[in-house]
Amino acid sequence: MTTSGTLTSKILLRETTEDDLPSLFEHQLDPVANQMAAFTVEDPADRDAFMAHWSKILVNDTITKKTILYEGQVVGYVAGFEQFGLPSVGYWLSREYWGKGITTKALSLFVADLKTRPLYARAAKDNIASLRVLEKCGFSIVNEEKGFSNARGEDVEEFVLSLTTSDEKPASV
């Protein structure tokens, strides 16, 4: 079992660069990960669309984007952005690294640096692992919604979660 201190020393967040994109593209091709995440791009195999989308993200100063490195390898990303008019976070981790606490540690490091509160996230109701990550990082469920899932080809119920400071309440969403 890896201790928290050892795990922390193996995880690094750094600015996402164009050099990270081939690895991030490969990670998001995983059909199991897409099914679990539910809310994905229409065609994960469309490399040109992926590169065009991320090229816009890389130059957008209103989006905070960090690559997750584990033992020096690009294993995913975490990002802060505005969604539906609310400051939000999202993340992706290559499936081969699931279950190691990497996402929880990376997200906790990320939100510690983001001072904006409340901060929101969304996860499919049946994505228990992602919901657990968010809860471990201090997020709590504030609403339920439904949206179309490209990965599943149907509407999927999702939870909206919020991270607040101890003296504030999340806005109604």
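Our structure's up above, just so we're on the same page.
Residues numbered from 1 in each chain as written. Predicted model: local features only at pLDDT ≥ 70, side-chain atom pairs only at ≥ 80, totals over all residues. Heavy atoms only, no water.

What about the packing of aromatic side chains?
Here comes step 1: This structure, assessed with the given rule, holds 4 aromatic pairs.
Here comes step 2: Between Y70 and Y97, the aromatic rings sit 5.9 Å apart at their centres with planes inclined by 70°, giving edge-to-face as the arrangement. Taken together, the positions of Y70 in strand β2 (residues 64-70) and Y97 in the loop between β4 (86-93) and α5 (102-113) put the pair 27 residues apart, joining distant regions of the chain.
Here comes step 3: Here a set of aromatic residues connected by ring pairs shows up, and it is made of F25, F50, W54 and Y77. (Phe/Tyr/Trp six-rings, centres within 6.5 Å; stacked < 30°, edge-to-face > 60°. Helix = DSSP H or I, 4+ residues; strand = E, 2+ residues; numbered from the N terminus.)

Some words on the packing of α5 against helix α6 (residues 128-136)
Here comes step 1: Relative orientation of the contacting elements α5 and α6 amounts to 40°, with a least axis distance of 9 Å. Taken together, the axes of α5 and α6 are oblique relative to one another. Our pair here, α5 against α6, has a crossing hand that is right-handed. Across the interface between the two elements, T103, T104 and L107 from α5 touch V133, L134 and K136 from α6.
Here comes step 2: Considering only residue class, the contact of α5 with α6 consists of 3 nonpolar, 2 polar and 1 charged. (Axes fitted to C-alpha atoms, helices over the stretch in contact; angles between N-to-C directions. Parallel < 35°, antiparallel > 145°, perpendicular 65-115°, else oblique. Left-handed = near helix turned anticlockwise from the far one by under 90°. Contact = heavy atoms within 4.5 Å. Nonpolar A, V, L, I, M, F, W, Y, C, P; charged D, E, K, R; others polar.)

A short note on a negative patch on the surface
Here comes step 1: Together, E42, D43, D46 and D48 make up a negatively charged patch on the protein surface.
Here comes step 2: Along the chain, D43 falls in the loop between α3 (31-37) and α4 (47-59). (Patch = residues over 30% accessible without salt bridge, like charges linked within 9 Å, V, L, I, M, F, W, Y side chains within 5 Å. Areas by Shrake-Rupley, 256 points an atom, 1.4 Å probe, with all protein chains shown as cover. Salt bridge = Lys/Arg side-chain N within 4 Å of Asp/Glu carboxyl O. Lys, Arg positive; Asp, Glu negative; His and termini not counted. Charge placed at Lys NZ, Arg CZ, Asp CG, Glu CD.)

Focus: the pairing of strand β5 (residues 119-124)
Here comes step 1: Along β5, 5 of the 6 residues are buried, which leaves the element largely enclosed by surrounding structure.
Here comes step 2: Summarising the sheet, β5 and strand β7 (residues 154-163) pair through 6 bridges and their orientation is antiparallel. Across the sheet, A124 pairs through a bridge with E158, a residue of β7. (Buried < 20%, exposed > 50% of the residue type's maximum accessible area, 1.4 Å probe, protein only. Pairing = 2+ DSSP bridges.)

Quick word on empty space enclosed by the protein
Here comes step 1: Following the criterion strictly, the structure yields 1 cavity of 30 Å³ or more and no others.
Here comes step 2: When its volume is computed, the largest cavity comes out at roughly 30 Å³.
Here comes step 3: Along the walls of the largest cavity sit Q83, F84, L86, S88, Y120, A121 and R122, which together make up its complete lining.
Here comes step 4: Of all the secondary-structure elements, those providing two or more residues to the lining of the largest cavity are β4 and β5. (1 Å grid on protein atoms, 1.4 Å probe; cavity = no way out; pocket = protein on both sides within 12 Å on 5 of 7 lines; lining within 4 Å. Points joined across faces, edges and corners; volume = space filled by probe spheres on them.)

Focus: the pattern of salt bridges
Here comes step 1: Summed over the entire model, instances satisfying the criterion amount to 9 salt bridges.
Here comes step 2: Measuring nitrogen to oxygen at the nearest pair gives 2.8 Å for the salt bridge that ties R122 to E145. You can see R122 sitting in strand β5 and its partner E145 sitting in strand β6 (residues 140-149), a full 23 residues away along the chain.
Here comes step 3: Residues K125 and E157 are paired through a salt bridge, measuring 3.5 Å at the closest nitrogen-oxygen approach. Placement of K125 in the loop between β5 and α6 and of E157 in strand β7 is noted, with a sequence separation of 32 residues between them.

Overview of the environment of N127
Here comes step 1: Structurally, N127 is set in the loop between β5 and α6.
Here comes step 2: What makes N127 buried here is its relative accessible area of 7%.
Here comes step 3: Along the sequence, N127 and E158 sit 31 residues apart, while their C-alpha atoms lie 8.8 Å from each other.
Here comes step 4: With near-sequence residues (within four places) excluded, N127 lies in contact with M36 and A37.
Here comes step 5: A polar atom in the side chain of N127 sits 3.2 Å from the backbone oxygen of M36. (Polar contact = N/O pair within 3.5 Å; in protein donor to acceptor, adjacent residues only side chain to side chain.)

Spatial relationships are all this shows, so hold off on functional conclusions.
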